[in-house]
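Examining the three-dimensional arrangement
One letter stands for each residue in the lines below.
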Amino acid sequence: MTDRFEPEGIRLQKVMAEAGLASRRAAEEMIAEGRVEVNGEIAVLGRRVDPERDVVRVDGSRLPTARRHRYVMLNKPKGVVTTLDDPQGRRTVAEYLPKGSRLFYVGRLDADTSGLLLLTNDGDLTNRLTHPSFEVPKTYVAAVEGTITPADLKRLRGGVTLEDGPLKPDDVKLMDAGPRNSLLRISVHEGRNRVIRRLMDAIGHPVVDLSRVGFGPLRLGNLQIGQTRDLTSAELGKLLDFVKM
């Protein structure tokens, strides 16, 4: 009798194999070595799981089940609008979608901002990533006018009042302070429109160039502008953990 007819879930090694982690034989060895947990407990050979409900970890890392959805990272170029159809005829992220896919963007980047944009057809994950209660941090690298001083950093870290209310970044790091321009790494979890640009305008250092390099636990890394790639199993596992799915 095959696994699909077996009661009380699916064999753990099959779930691991279908997730692309290892062959069934290698998965059995991992289980025997005590490297696999199901819902926080060390798994044993013969364990069955419900892939839709049980949380499987291998060496401490979350293991997503075989993918029913697609998760794609795009390094959005400047000048591209975060929409699938623009009545003004501007370039949109639709031209970067993998052929034959029906993916939607998670959150937005304004046209003048480049960087990490997540595309998926997973509605549940999208809802969690965009819901304010999960406070998903977005990390940007901003080139700004002028030299950022210690006083500027203190003001940023203490919070700045914008026209729609106060904003305190989650993290601010000065990467370079030149005579004409400075480079900052800024993380915020709020989804207000053009928030980094307005934040820097408020302290007198307008943004010259802006790129998003992090979204929750995801990092842009060396993905080139205009390129896409599917998330790895490790990245997806971290993302699911972050929003408690």
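Let's talk about the pairing of strand β15 (residues 207-215)
- Counted residue by residue, β15 has 7 buried out of 9 residues, so it is predominantly covered.
- Taken together, the 2 bridges between strand β9 (residues 114-120) and β15 define a ladder with parallel strand orientation. Residue Ser114 lies in a different strand from β15, and its bridge partner there is Ser211.
- Relative to β15, strand β10 (residues 138-145) is paired through 7 bridges, and the arrangement is antiparallel. From the neighbouring strand, Lys138 faces β15, where its bridge partner is Phe215.
- In terms of strand pairing, β15 meets strand β16 (residues 218-219) through 2 bridges, oriented antiparallel. Note that in β16 the partner of Phe215 across the bridge is Leu218.
- Taken together, β15 and the strand that follows it, β16, pair antiparallel across an intervening segment of 2 residues, in which Gly216 is found at a positive phi of about 60°.

Quick notes on the sheet that holds strand β5 (residues 56-58)
- Spatial strand order, β3-β2-β5-β6: 4 strands in an open sheet with antiparallel pairing. Looking along the sheet, the strands with just one partner apiece sit at the ends: β3 (41-42) and β6 (61-63).
- The pairing of β5 with β6 spans 3 bridges and is classified as antiparallel. What sits directly across from Val58, in β6, is Ser61.

Calculation rules
Residues numbered from 1 in each chain as written. Predicted model: local features only at pLDDT ≥ 70, side-chain atom pairs only at ≥ 80, totals over all residues. Heavy atoms only, no water. Buried < 20%, exposed > 50% of the residue type's maximum accessible area, 1.4 Å probe, protein only. Helix = DSSP H or I, 4+ residues; strand = E, 2+ residues; numbered from the N terminus. Pairing = 2+ DSSP bridges.

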